[in-house]
Amino acid sequence: MKISASFLSSENIPRDLKRLNETDVDYIHLDIMDGKFVPNKTMPFSEMKNIYKFTDKRLDVHLMVDDPKKYIPLYAELNTEYITFHVEVMEQIEENLELIKSYGIKCGLAIKPNTPVKSLVPYLPLLDMILVMSVEPGKGGQTFISSSKEKIDEVRDLVNSYQSHAIISVDGGITNETKDECSKCDMLVSGSYIINGESFQERIDSLR
Ligand code: DX5
Ligand code: ZN
């Protein structure tokens, strides 16, 4: 199982990024919020771009924003492997997926807990990742929504039946106790469970 670590709940981002850099975590998950798609706002790109000073891990960027095309060219400049935005933005989805690909970066669509899985179907041939939200997006430290297991299983069936190459990642409330609900996914995003651990590596090991 691949693991992507979110530092959204960190109280000391430089320290925690350096500690994560010493582990074998696969990606750093960058949560970007615009105060519109979700109520909270994260730091501006002018600050976020300094992340390279603290980590050389590849980045898995999760855009919780209304207008992805404003952010894609910025985050494409970093050490980015994936850029994901939400299928709920409704507009210009194909254009934005193509824009991500134009930078040689893998593209993904995220889906909120109450959005039907079938909304992903038109975009499946383009997708490298589907990010299944197991909490309402917007903040760290929330409880895993138990119906997410069925959602993940449904997304897996969809990926298989359309012979899509997209990996399935799950984000929100992931701990050693909830990971078993996500056995059909390829990647787990975990924030507070890892960050609140004495040893980041032990927490990561317990999720694999
Ligand atoms: C939620 C974010 C998540 C979150 C994960 O809106 O997209 O990436 O930070 O944090 P935990 O693991 O604490 O739920
Ligand atoms: Zn996220």
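Throughout, residues of each chain are indexed from 1 in the direction in which the sequence is written. Written order decides the labels, with chains lettered from A and ligands numbered from 1. Only residues with pLDDT of at least 70 are given local features in this predicted model, and only at 80 or more are side-chain atom pairs given and counted; all residues enter the totals for whole chains, interfaces and linings. Side-chain measures here rest on the full set of heavy atoms in the structure, leaving out hydrogens and waters.

Take the pattern of salt bridges next. We define a salt bridge as a contact between a side-chain nitrogen of Lys or Arg and a carboxyl oxygen of Asp or Glu at a distance within 4 Å. In total, this model carries 11 salt bridges according to the counting rule given. Here D128 ties to K101 by a salt bridge, and the two come within 3.5 Å at their closest N and O atoms. Here the residue D128 occupies a position in the loop between β5 (106–111) and β6 (129–133), and K101 occupies one in helix α4 (residues 93–102), the gap between them amounting to 27 residues. The salt bridge involving R156 is made with D186; its shortest N-O contact spans 3.0 Å. One end of the pair, R156, is in helix α5 (residues 148–161); the other, D186, is in the loop between β7 (167–171) and β8 (187–190), and 30 residues separate them in sequence. Members of the salt-bridge network, linked through shared partners, are R15, D16 and R19. Strands here mean DSSP runs of E at least two residues long; helices mean DSSP runs of H or I at least four residues long; both are numbered from the N terminus.

Moving on: the coordination of the zinc ion (ligand 2). Each metal's donors are the N, O and S atoms found within 2.8 Å of it, except that Na, K and Ca use a 3.2 Å limit; water is left out, so coordination can look incomplete. The protein atoms that coordinate the zinc ion (ligand 2) are H29 (NE2), D31 (OD), H62 (ND1) and D171 (OD), at distances of 2.1 to 2.3 Å. Taken in chain order, the donor set of the zinc ion (ligand 2) reads H-x1-D-x30-H-x108-D. In this pair, D31 sits in strand β2 (residues 27–33) while H62 sits in strand β3 (residues 58–64), placing the two residues 31 residues apart along the sequence.

Let us look at the side chain of S10. By the secondary structure assignment, S10 is in the loop between β1 (2–6) and α1 (13–21). Dropping the residues within four chain positions of it, S10 is found in contact with D16 and I195. Only heavy atoms enter the contact rule, under which two residues are in contact if any of them lie within 4.5 Å.

Here the focus is α4. What α4 keeps buried is the set I93, N96, L97 and I100. One side of α4 carries all its buried residues, which in axial view fall inside an arc of 100°. Count one or two residues on from α4 and you reach G104, which has phi positive near 75°. Under the scheme applied here, a residue whose accessible area is under 20% of the maximum for its type counts as buried, over 50% as exposed, and between as partly exposed, the area being computed with a 1.4 Å probe on protein chains only. Regarding the arc, it is the one traced by the directions from the helix axis to the C-beta atoms.

If you add up the space inside the largest pocket, you get close to 300 Å³. A pocket here means an open set of points on a 1 Å grid, computed over the protein atoms alone, that has protein on both sides within 12 Å along at least five of seven lines. A cavity is instead a set of points where a 1.4 Å probe fits but cannot get out; residues with an atom within 4 Å of a point line either one. The wall of the largest pocket is formed by 27 residues, among which K139, G140, G141, G172 and G173 lie closest to the centre. Contributing elements (two or more residues each) for the lining of the largest pocket: β3, β8 and α6 (192–195). Following the grouping adopted for this structure description, the nonpolar residues are Ala, Val, Leu, Ile, Met, Phe, Trp, Tyr, Cys and Pro, the charged ones are Asp, Glu, Lys and Arg, and the polar ones are all others, Gly among them. In terms of residue class, the lining of the largest pocket is made up of nine nonpolar, 15 polar and three charged. Roughly 170 Å³ of volume is contained in the second largest pocket. Contributing to the lining of the second largest pocket are I32, M33, D34, K36, K41, T42, M43, P44, F45, Y71, L74 and Y75. Elements with a minimum of two residues in the lining of the second largest pocket: β2 and α3 (68–75). Looking at which element gives the most residues to the lining of the second largest pocket, the answer is α3, with three residues. Considered class by class, the residues forming the lining of the second largest pocket number eight nonpolar, one polar and three charged. Grid points are joined across faces, edges and corners, and a volume is the space filled by probe spheres set on the points.

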